Amino acid sequence: MYIPKHFKVNDWAEITGFVARVRAAELVTVDTAGQPVGTLMPCIWDISNVDDANYGLLVMHMARANPQWKSIELGASGLAIVHGPQAYISPSNYEGKRTDHKVVPTWNYQSVHLTGRVEVSEDVELLRHLVSDLTNFHERERPKPWRVEEADPKYFEAQLRGIVAITLRITGVEAKYKLSQNRSSEDRRRVIGDLGSSVRPDDQEIADEMKKTL
């Protein structure tokens, strides 16, 4: 990922927290014909065993009917893209609009790229554990969390047979928050005000994230 120094994020807690908040990643791999393919999947980033060369595991599951998993060869590389909010930035917010007119539109966003080796498993016990963990993770903030034990056992087992486990053993982490950090404080405040008055949820989220950088 191209990351100018203004936009690079190095804080480990911020990066892992961002992925946990987004809760899904687009896994991109290359099939046997050399074509890139991608699937958006809910995920959990397991960081219980991290060192200088290993950044944990990104755990996901894919529909068995999806041909992508069948094209993933042993030891294949993968890229998981985690996108946050994004917003169009109008040059009308810049001081240059009123002076030299040397301004153009841009796009603000937050993104994390995780790279590593992809592993595929059809092991039913692993899938049962994976689905339980994902369910508990996503249900934890609900007043009455639903548990997989509440599902009809035969129905649940049939559903497990319809998916495969996907694990990305992460060897590289890149994070980019493009939030107008290369603009003046005055320009950034005008952008924040503009986005904050928008009806688009992403615009408002970017405005809130920009406030943290001032």
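Residues numbered from 1 in each chain as written. Predicted model: local features only at pLDDT ≥ 70, side-chain atom pairs only at ≥ 80, totals over all residues. Heavy atoms only, no water.

(A) Up close: the packing of aromatic side chains. Within this structure, the stated rule accounts for 3 aromatic pairs. Both rings, one in Trp12 and one in Tyr55, keep their centres 6.1 Å apart while their planes meet at 40°; by these two values the pair is tilted. Residue Trp12 is located in helix α1 (residues 12-22), and its partner Tyr55 is located in the loop between β3 (44-46) and β4 (57-63); the two are separated by 43 residues in the primary sequence. On the basis of relative accessibility, which here comes to 33%, the residue Trp12 falls in the partly exposed class. Overall, the relative accessible area of 24% leaves Tyr55 in the partly exposed class. Through successive ring pairs, a cluster of aromatic residues spans Trp12, Trp45 and Tyr55. One cation-aromatic arrangement involves Arg183 over Tyr94; the distance from NZ or CZ to the ring centre is 3.7 Å. (Phe/Tyr/Trp six-rings, centres within 6.5 Å; stacked < 30°, edge-to-face > 60°. Helix = DSSP H or I, 4+ residues; strand = E, 2+ residues; numbered from the N terminus. Buried < 20%, exposed > 50% of the residue type's maximum accessible area, 1.4 Å probe, protein only. Lys NZ or Arg CZ within 6 Å of the ring centre and 35° of its normal.)

(B) Highlighting the pairing of strand β5 (residues 77-89). Examined bridge by bridge, strand β1 (residues 24-30) and β5 share 3 bridges and lie antiparallel to one another. Among the inter-strand pairings, Leu27 is bridged to a residue of β5, identified as Ala80. (Pairing = 2+ DSSP bridges.)

(C) Fine view of a nonpolar patch on the surface. Taken together, the side chains of Trp12, Ile47 and Val50 make up a nonpolar region of the molecular surface, amounting to roughly 230 Å² of accessible area. Turning to its location among the elements, Ile47 is positioned in the loop between β3 and β4. According to the relative accessible area criterion, Ile47 is partly exposed, its value standing at 37%. (Patch = residues over 30% accessible without salt bridge, like charges linked within 9 Å, V, L, I, M, F, W, Y side chains within 5 Å. Areas by Shrake-Rupley, 256 points an atom, 1.4 Å probe, with all protein chains shown as cover. Salt bridge = Lys/Arg side-chain N within 4 Å of Asp/Glu carboxyl O.)

(D) Fine view of the sheet that holds β4. Sheet architecture is open: 7 strands sit in the order β2-β1-β5-β6-β7-β4-β3, paired in antiparallel fashion. Two strands close off the open sheet at either side, each with one partner strand: β2 (36-42) and β3. Sheet twist, expressed as the average angle between the axes of neighbouring strands with direction ignored, equals 35°. Alignment of β5 against strand β6 (residues 106-121), held across 11 bridges, turns out to be antiparallel. Across the sheet, Ala87 pairs through a bridge with Asn108, a residue of β6. Across the sheet, α1 lies against β1, β3, β5, β6 and β7 (163-178), angled at about 85° from β5, the strand it touches most. Taken strand by strand, helix α5 (residues 201-213) contacts β5 and β6, and its axis lies near 95° from that of β5. (Axes fitted to C-alpha atoms, helices over the stretch in contact; angles between N-to-C directions. Contact = heavy atoms within 4.5 Å.)

(E) Highlighting the environment of Leu195. Within the element layout of this structure, Leu195 appears in helix α4 (residues 185-196). Sequence separation between Leu195 and Asn108 is 87 residues, and the spatial gap between their C-alpha atoms is 11 Å. In this structure, Leu195 is in contact with Ala87, Tyr88, Ile89, Asp203, Gln204, Ile206, Ala207 and Met210, ignoring residues within four places of it in sequence.

(F) Structural view of the packing of helix α2 (residues 124-139) against helix α3 (residues 153-160). At a minimum axis separation of 10 Å, α2 and α3 run at an interaxial angle of 110°. With respect to their mutual orientation, α2 and α3 come out roughly perpendicular. Of α3, the residues touching α2 (which contributes Val124, Leu127, Arg128 and Val131) are Phe156, Glu157 and Leu160. For the contact of α2 with α3, the per-class residue count stands at 5 nonpolar, no polar and 2 charged. (Parallel < 35°, antiparallel > 145°, perpendicular 65-115°, else oblique. Nonpolar A, V, L, I, M, F, W, Y, C, P; charged D, E, K, R; others polar.)

(G) The arrangement of the pairing of β6 in detail. As judged from the 13 bridges shared by β6 and β7, these two strands associate in the antiparallel manner. Considered in β7, the bridge of Val120 is made with Ile166.

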